[in-house]
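Below are the chains, spelled out letter by letter.
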Amino acid sequence: MGQNYKKSPRLHRISKFFFNFVPMFLLNILLSAFLVLPLAEGDTIRTEHLDEVVVTSNSARQRIQNVQTGAEVIQLEDLTSAPQLFGQADIMRSIQLLPGVKAESDASSSFQVRGGTSAQNQVLFDLAPVYNSGHLAGLFSAFNDDALVSATLYKGLLPAQYGGASSAVLDITGKTGNRNEWHGGANVGLLSAKGTLEGPIVKDKASLLVTARRSYMDLFLKASKDFRDNTLYFYDVNAKLDWSLNRRNQLYLTFFTSHDRTSVEKMADIRWSNMTANLKWLHHFNGDSYAQTTAYLSNYQTENGVDFLRMNLWYKGHIRQLSLRQDFALQFLPASLQLRAGLQTSLFNVKSAEWQVLTKYDKEQRRAWENTGWINGTFNLRPDLQASVGLRINAFSPLGGSLYYDVEDNGDIGWYYNYGTNEIVKTHLTLEPRASISWQPTSQTSIKLGYARTSQNLHALRNQSTSTPFDRYTMSSNIVEPELADQWSAGVYMMTPQQDYDFSVEGYYRKIRNVLDYKDGKSFSSEIEIERLVLAGDGKSYGVEFCARKNSGRLTGWIGYTLSWSKTRIDGINGGQWYDANNDRRHDINIVGIFRLNRRWTFNASWVFNSGQAFTAPSGKYQIIDNWIYYYAERNGYRAPDYHHLDVSAVWKSGKKKGGKRKVETEWVFGIYNIYNRYNPFLINFEDSADGARTKAKQYSLFGIVPSVAFNIQW
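Residues numbered from 1 in each chain as written. Predicted model: local features only at pLDDT ≥ 70, side-chain atom pairs only at ≥ 80, totals over all residues. Heavy atoms only, no water.

Some points on the overall build of the protein chain
Step number 1: Broken down by element type, the protein chain carries four helices and 43 strands.
Step number 2: Counting all 715 residues of the protein chain, 53% fall into the buried class.
Step number 3: As presented, the protein chain carries roughly 32000 Å² of accessible surface, and 58% of it is formed by carbon and sulfur atoms. (Helix = DSSP H or I, 4+ residues; strand = E, 2+ residues; numbered from the N terminus. Buried < 20%, exposed > 50% of the residue type's maximum accessible area, 1.4 Å probe, protein only. Areas by Shrake-Rupley, 256 points an atom, 1.4 Å probe, with all protein chains shown as cover.)

Structure, rendered in structure tokens:
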């Protein structure tokens, strides 16, 4: 097949944006700065920084009164409410214990929500997206809990100010430093250590917070004669500067970086990293109204080399996003209407793959431009009836400067398109309505209904159900359409008069279009042109979530149970019939208990159960000459064994005064992960006998029982 080039007609020019959109954007910023009501005498700027550290208790009453269905708020103190692997608090693992949320695999920090994959979630850290949120392939979260205040997980029913995910959004708020005095802390565990320093730069006006964490497994490897040539480590750094310019204006500068490296002698060298930088200007109107302008950069990149069994592979990829965002939050008295509105423009640069296999070199890299606007209103229809209605508009435009093409039915490229640099190839316009309504027939009961349409233009492709540095990413293009998800949800929430207990049951149905999956026989390295590897189809997931919580007393905790289904149908795969998705798990149980014996000792326990995960296995095989060929009758037609483990921990705290004012607080954390030594399936492989006539399935597990101890000190 020859390479044919076809010049497409120009749809729009980038310059049109700067003459039309940017002036409106800047005008909104100027309005927020100058067209405000005068500050009344006696008014002062809020000491809480609104989106920064306004932390409301995640109480039973909040769960009853919140109009948004499917939203879970996690506070910093909740991070230690369950045992953690290797003795460190981890926000991602805390989220995995919520109803409707599952871990990707044993000891993975990535999570799946209501039938979606982790690649269909968006994780935001101070509004900047983080595309790979795990260390050591997911054993640790990339987020240091000492740098966090709170987080909210939206399980598919998103307010209009959120987008870019067809499944769920996790919005994490970073901590600001102490403005009055300097404090510090340190943690030493079996595999890693971390430290924190915070305090005022200008007292009562500006503060700084810096946290850093590093593993030291590589030091143990260096001390071993057999493994001294191997490398295994990670580190992450958080820094946040906040500055009150005056009574109305505040600036925040946030920086986050993480890096991982794993190398095995001269056979493999795998590296990946994340970096976000965020500059935010917060301007206060009267009352709780404000305007917020944010500029951020997000950069995820991976670089891997493998030299094994005569296969010499070098692979690189990245996702880079540069965005400017304007938010408005308006409160209309007497608090019957709250309005959120905003605009965002973003430039994307995605390297799907750059590799060299032996002497063959290939690269696919593309850019795109995205513009988004939204408005969301929350209002009281009557005292017992509250509603939230919003609309989000997204325009995603892949840009020229790299090759685009048509793909024929047999997978060959039929035509290449050579668009000019910055020329818009195609614009995908999506309208995303959102609505939630809450009725409180009594002060202790609420009934909620919700609907949301969400879209996603960044797609991840993986051969397995877990995230790895070998995942490939692509954007919506002239061929690939945005993922569109429609979710309906209904729930009933109740609590006792004193809020000691609360109960909830919530059902959902989620339908998604333009789901991508690998063609039969294809993998991430089959072709450099990623659109030759995949087919698009439909997905659906549905289920019901139950949760019972005990909120007071020495013993607190919750029991959650989810019954769910997740299915996919793609023409050209599995005969065009519906098949179970990789992450389909019928039953999911989470039991968490926290017992506070006294002011020094706290005991925690959690038990997790998931039904076996769906996977594809050969149904038979046949011989051609001397080669045995596997025959696959259906996609994901088999189930792995059930997954479950029990974790326990004990926390001992003490503190003493220092200099009559400050306190030095120490803490010991003793834990046992998987206390009854259950070997859960991490990978199932198929191995042939010596003559090739027989095949057996072999399960590989990652962990058995894992004891841990960690020491914390704060001053």
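Read on, since the account is not over.
Some thoughts on the nonpolar core
What tends to happen in soluble globular proteins is that the nonpolar side chains get buried as a cluster.
Step number 1: Counting residues in hydrophobic clusters, the biggest one holds 20 residues, and the most contacted among them are I91, I95, F111, F143, L153, L170 and I172.
Step number 2: Taken together, the elements giving at least two residues each to this core come down to α3 (91–95), β4 (111–113), β5 (121–125), β9 (148–154) and β10 (168–174).
Step number 3: L136, F140, L191 and V706 belong to the second largest nonpolar core, which has 16 residues in total. (Core = buried A, V, L, I, M, F, W, Y, C linked by side-chain atoms within 4.5 Å.)

What about unusual backbone geometry?
Step number 1: With a phi close to 50 degrees, D126 is a non-glycine residue in the positive phi region.
Step number 2: Counting through the fold element by element, D126 comes out in the loop between β5 and β6 (128–130).
Step number 3: D126 gets classed as buried once you look at its relative accessible area, which sits at 8%.
Step number 4: The phi dihedral of N677 is positive, around 60 degrees, even though this residue is not glycine.
Step number 5: Along the chain, N677 turns up in the loop between β40 (662–673) and β41 (683–688).
Step number 6: Accessibility expressed as a relative area gives 32% for N677, which makes it partly exposed.

Some details on the packing of aromatic side chains
Step number 1: Evaluation of the coordinates by the stated rule reveals 19 aromatic pairs.
Step number 2: Look at Y300 and Y473: their rings are 6.3 Å apart centre to centre, the planes differ by 75 degrees, and that puts the pair in the edge-to-face class. One end of the pair, Y300, is in strand β17 (residues 290–308); the other, Y473, is in strand β27 (residues 472–475), and 173 residues separate them in sequence. Neither Y300 nor Y473 differs from the other in exposure class; each is buried. (Phe/Tyr/Trp six-rings, centres within 6.5 Å; stacked < 30°, edge-to-face > 60°.)

Re the pattern of salt bridges
Step number 1: For the structure on display, the rule yields 26 salt bridges.
Step number 2: Its salt-bridge partner being R261, residue D269 comes within 3.0 Å of it at the nearest N-O pair.
Step number 3: Between R532 and D412 there is a salt bridge, with its nearest N and O atoms 3.9 Å apart. In this pair, R532 is assigned in the loop between β29 (501–518) and β30 (534–550) and D412 in the loop between β22 (404–407) and β23 (413–417), connecting sequence segments 120 residues apart.
Step number 4: The class for D412 is partly exposed, based on a relative accessible area of 34%.
Step number 5: Where salt bridges share partners, they join K567, D580, D584, R586 and R639 into one cluster. (Salt bridge = Lys/Arg side-chain N within 4 Å of Asp/Glu carboxyl O.)

Describing the pairing of strand β24 (residues 428–442)
Step number 1: Across twelve bridges, the pairing between strand β21 (residues 385–399) and β24 is antiparallel. By the bridge assignment, A395 is partnered in β24 with L429.
Step number 2: Pairing between β24 and strand β25 (residues 445–456): seven bridges, direction antiparallel. Along β25, the bridge assignment pairs I437 with L449. (Pairing = 2+ DSSP bridges.)

Some points on a nonpolar patch on the surface
Step number 1: Residues W439, I447, V492, M494, Y501 and F503 make up a contiguous nonpolar surface patch of about 490 Å² in total accessible area.
Step number 2: The set of elements that each furnish at least two residues to the nonpolar patch consists of β28 (483–495) and β29.
Step number 3: In this fold, W439 is placed in strand β24. (Patch = residues over 30% accessible without salt bridge, like charges linked within 9 Å, V, L, I, M, F, W, Y side chains within 5 Å.)

Considerations on the side chain of S541
Step number 1: Of note, S541 is situated in strand β30.
Step number 2: Residue S541 is classed as buried on the basis of its relative accessible area of 0%.
Step number 3: One polar contact links the side chain of S541 to the main-chain carbonyl oxygen of R114, over a distance of 3.0 Å.
Step number 4: Those residues in contact with S541, other than ones at most four positions away along the chain, are R114, G115, Y508, Y509, R510, W565 and S566. (Polar contact = N/O pair within 3.5 Å; in protein donor to acceptor, adjacent residues only side chain to side chain. Contact = heavy atoms within 4.5 Å.)

Brief notes about the side chain of S207
Step number 1: Mapped onto the secondary structure, S207 falls in strand β13 (residues 206–215).
Step number 2: You can call S207 buried: its relative accessible area is 0%.
Step number 3: Polar side-chain contacts of S207 include one of 3.1 Å to the backbone oxygen of G177.
Step number 4: Beyond its immediate stretch of four places on either side in the chain, S207 contacts G177, N178, R179, G199, P200, I201, K240, L241 and D242.

Considering the confidence of the model for the protein chain
Keep in mind that low pLDDT regions are not for reading the predicted coordinates in detail.
Step number 1: For the protein chain, the average pLDDT comes to 81, and 85% of its residues sit at 70 or higher.
Step number 2: A low-confidence stretch, residues 1–58 (pLDDT under 50), is modelled with 115 contacts involving residues beyond four sequence positions or located in other chains. (pLDDT = per-residue confidence, 0-100.)

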